[in-house]
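# Architecture at a glance
What follows is each chain in one-letter form.
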Amino acid sequence: MKILTEQEIRSAFVNCTKGEATRLHVPRDLAERPWEDLDFLGWRDPQAPDRGYLATELDGRTVAVALRSSGAAAWQARRSICSLCVTTHTGGVSLLVAPRAGKAGKQGNSVGAYICSDLACSLYVRGKREVGTRLHESLTVEEKIRRTEANLAAFVARVTA
């Protein structure tokens, strides 16, 4: 993924107002992020733990999506699988919900997916961040990356449809 600036990220949000995009927390350590290992930039808001964000490049343009998670629940202690990177976690996957873009979002419509709670899918796929026990897959790392990118593109398409 190419290195993104704070301004590029803020202007890329498709499912919140310009005012909301201006006020949301963007990581201050953008220069230190492992951009060469990222398929998307994902982060949680330290001032609002129920909020998360992701930014990615799709069809040559940067797209960012605001997400919300529900509070912790008993089911989160179970083993779950991320719908983007297909990594299995015990208690490390959350239902993240994105308001749909445009008129549908203003009417309260949203799209949800079970995603790694820390939004570090790219690092799990590449083995740069470990999770307890990994399920064996016969796919290569490159194939896992392509799968993650396709799943992310499908999720963003549902948000922007």
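For the structure given in this document, a descriptive report is provided here.

## Focus: the side chain of Ser 117
When you line up the elements, Ser 117 lands in the loop between β7 (110–116) and α4 (121–125). A distance of 2.6 Å separates a polar atom in the side chain of Ser 117 from a polar atom in the side chain of Ser 94. Ignoring sequence-local partners within four residues, the contact set of Ser 117 consists of Arg 44, Gly 91, Gly 92, Val 93 and Ser 94.

## Remarks on helix α5 (residues 141–160)
An ideal rise of 1.5 Å per residue puts 28 Å on 20 residues; α5 measures up with 28 Å between its terminal C-alpha atoms. Among the residues of α5, Lys 144, Ile 145, Thr 148, Leu 152, Phe 155, Val 156 and Val 159 are the ones counted as buried. In a view along the axis of α5, the buried residues occupy a sector of 105°, so they form one face of it. On its buried face, α5 sits against β2 (48–58), β3 (61–69), β6 (93–99), β7 and α4.

## Considering unusual backbone geometry
Positive phi is not limited to glycine here, since Asp 59 has a value of about 50°. Mapped onto the elements of the fold, Asp 59 is located in the loop between β2 and β3. Taking the relative accessible area as the measure of exposure, Asp 59 reaches 85% and is therefore exposed. Phi angles above zero are rare outside glycine, and Val 86 is one such case at about 60°. Along the chain, Val 86 falls in the loop between β4 (79–81) and β5 (88–90).

## Looking at the environment of Asn 15
As for its placement among the helices and strands, Asn 15 is situated in the loop between α1 (6–11) and α2 (18–23). With relative accessibility at 9%, the residue Asn 15 sits in the buried group. Separated by 67 residues in the primary sequence, Asn 15 and Cys 82 have C-alpha atoms spaced 22 Å apart. From its side chain, Asn 15 meets the backbone nitrogen of Ala 66 in a polar contact 2.9 Å long. A distance of 3.0 Å separates a polar side-chain atom of Asn 15 from the backbone oxygen of Pro 99.

Calculation notes
Per chain, the residues get numbers from 1 upward, laid out in the order the sequence is written. Owing to the predicted nature of the model, reporting of local features is limited to residues with pLDDT of at least 70; listing and counting of side-chain atom pairs is limited to 80 or more, with chain, interface and lining totals taken over all residues. No hydrogens and no water enter the side-chain calculation; it runs on all heavy atoms of the structure. Strands are runs of DSSP state E lasting at least two residues, helices are runs of H or I lasting at least four, and both sets are numbered from the N terminus onward. The definition of a polar contact used here is a pair of N or O atoms within 3.5 Å, where within protein one atom must be able to donate a hydrogen and the other to accept one, and adjacent residues in sequence count solely through side-chain atom pairs. It only takes one pair of heavy atoms within 4.5 Å for two residues to be counted as in contact. To estimate the expected span of a helix, count its residues, drop one, and scale the result by 1.5 Å. Partly exposed residues are those whose accessible area sits between 20% and 50% of the maximum for their type, while under 20% is buried and over 50% is exposed, using a 1.4 Å probe and protein chains only. It is the directions from the helix axis to the C-beta atoms that the arc portrays.

Any functional reading would require information beyond the geometric quantities listed.
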